[in-house]
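Okay, here's what each chain looks like letter by letter:
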Amino acid sequence: MGKMIELTAADGHKLAAYRADPAGKARGGVVVIQEIFGVNSHIKSVADGYAQDGYLAIAPAMFDRAQRGYDTGYSQPEIQAGVAIMQKLDWKQTQLDVEAALAEAKKAGKVGIVGYCWGGTVSWVSAARVAGLACAAPYYGGGMPGFIGEKPKVPVMCHFGEQDQSPTLDQAKAIAKAHPEITAYFYPGAGHGFNCDQRGSYNAGAAKQARERTLEFFRKHLG
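A short tour of the structure in this document, coming up. For every chain, the first residue of its written sequence is number 1, and the numbers climb from 1 along that sequence. For a predicted model such as this one, the threshold for reporting local features is a pLDDT of at least 70, and the threshold for listing and counting side-chain atom pairs is 80 or more; totals across whole chains, interfaces and linings nevertheless cover every residue. Derived side-chain values reflect all non-hydrogen atoms in the structure, with water molecules and hydrogen atoms excluded from consideration.

Quick word on the pairing of strand β3 (residues 28–33)
At step 1: Most of β3 sits out of view: six of its six residues are buried.
At step 2: Here the rule is simple: two strands pair whenever DSSP picks up at least two bridges between them. Put simply, DSSP H or I for four residues or longer makes a helix, DSSP E for two residues or longer makes a strand, and each gets a number counted from the N terminus. With four bridges connecting them, β3 and strand β4 (residues 55–60) associate as parallel partners. When the sheet's bridge partners are listed, Val30 is paired in β4 with Ala57.
At step 3: Taken together, β3, helix α1 (residues 41–52) and β4 constitute a β-α-β crossover, and its handedness is right-handed.
At step 4: As paired strands, β3 and strand β5 (residues 111–116) are joined by five bridges and run parallel to one another. For Val32, the partnering residue across the bridge sits in β5 and is Val114. Here's how the labels work: a residue is buried when its accessible area is under 20% of the maximum for its type, exposed when over 50%, partly exposed in between, all with a 1.4 Å probe on protein chains only. Convention used here: a crossover is right-handed provided that the path from the first strand, over the helix, to the second strand proceeds clockwise when the strands point away from the viewer.

Spelled out as structure tokens, the structure:
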């Protein structure tokens, strides 16, 4: 359904991105931020889903800075490899890559950002630091506790699994408490990665409910 395109960040870095277009006129744009597994088949299917709901979806290859074309599964060695690449990335450059995706998505109108796992942390930081977003929907960002002091400039809806260890339930509740302006949902029985139907941690009920809430949130803030 979608296709790979190339984006250029403000510092000249060229990165790949998966672009999924809606059938009719777009309601707005959605930037989809990957987990530590690259723009893999799952992230493409997430982007396709938002396109089917009427949004121009752009999933930038955020790991291109460290390793181009990164695309893996979910085994323990692949998790370790993904963490190693993530640790090589610089937050200022990550922000430039988000901005490049945002510029592309803006062709469709207002833009929201959604991200999962590492992408959840990126979405949370972007809500505070990236100009031009209309809203953000982070899912279980393991790094979010380290950015609890960020000040979101746009409406934020967070999704956390109560069984998650990254962030833990206590850490997630601390973020919600520190930011009464955000909406935070906690899913009982759901762990880290509960949205991903290719992972053992997939929780169909929580994934469906979180997606419905996110869509409603996008309808309100994007169109």
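There's plenty left to go through after this.
A closer look at the packing of helix α3 (residues 91–105) against helix α4 (residues 118–129)
A pair of packed helices is characterised by two quantities: the angle between their axes and the separation of those axes.
At step 1: Only the stretch in contact is used when fitting a helix axis, every axis being a line fitted to C-alpha atoms; angles between N-to-C directions are given from 0 to 180 degrees. At their nearest, the axes of α3 and α4 sit 11 Å apart, and the two run at 80° to each other. By the angle between their axes, α3 is roughly perpendicular relative to α4. In this structure, α3 uses Trp91, Thr94, Gln95 and Val98 to contact α4, whose residues at the interface are Trp118, Thr121, Val122, Val125, Ser126 and Arg129.
At step 2: Think of it as three bins: nonpolar holds Ala, Val, Leu, Ile, Met, Phe, Trp, Tyr, Cys and Pro, charged holds Asp, Glu, Lys and Arg, and polar takes everything else, Gly as well. For the contact of α3 with α4, the class distribution of residues is five nonpolar, four polar and one charged. Should an angle fall under 35 degrees it is taken as roughly parallel, and over 145 as roughly antiparallel, whereas 65 to 115 is taken as roughly perpendicular and any remaining angle as oblique. The contact criterion used is simple: two residues touch if any of their non-hydrogen atoms lie within 4.5 Å.

Here we look at the pattern of salt bridges
At step 1: What makes a salt bridge here is a side-chain nitrogen of Lys or Arg within 4 Å of a carboxyl oxygen of Asp or Glu, nothing more. In this structure the tally under the stated criterion is ten salt bridges.
At step 2: Asp53 serves as the salt-bridge partner of Arg211, at 2.6 Å between the closest nitrogen and oxygen. One end of the pair, Arg211, is in helix α6 (residues 204–221); the other, Asp53, is in the loop between α1 and β4, with 158 residues separating them in the sequence.
At step 3: Between Glu150 and Arg129 there is a salt bridge, with the nearest N and O atoms lying 2.6 Å from each other. Highlighted residues: Glu150 in the loop between β6 (135–139) and β7 (157–161) and Arg129 in helix α4, separated in sequence by 21 residues.
At step 4: The class of Glu150 is buried, set by a relative accessible area of 14%.
At step 5: Here the residues in one salt-bridge network are Arg19, Asp21, Glu104 and Lys107, joined through shared partners.

These figures come from the coordinates and say nothing about function on their own.
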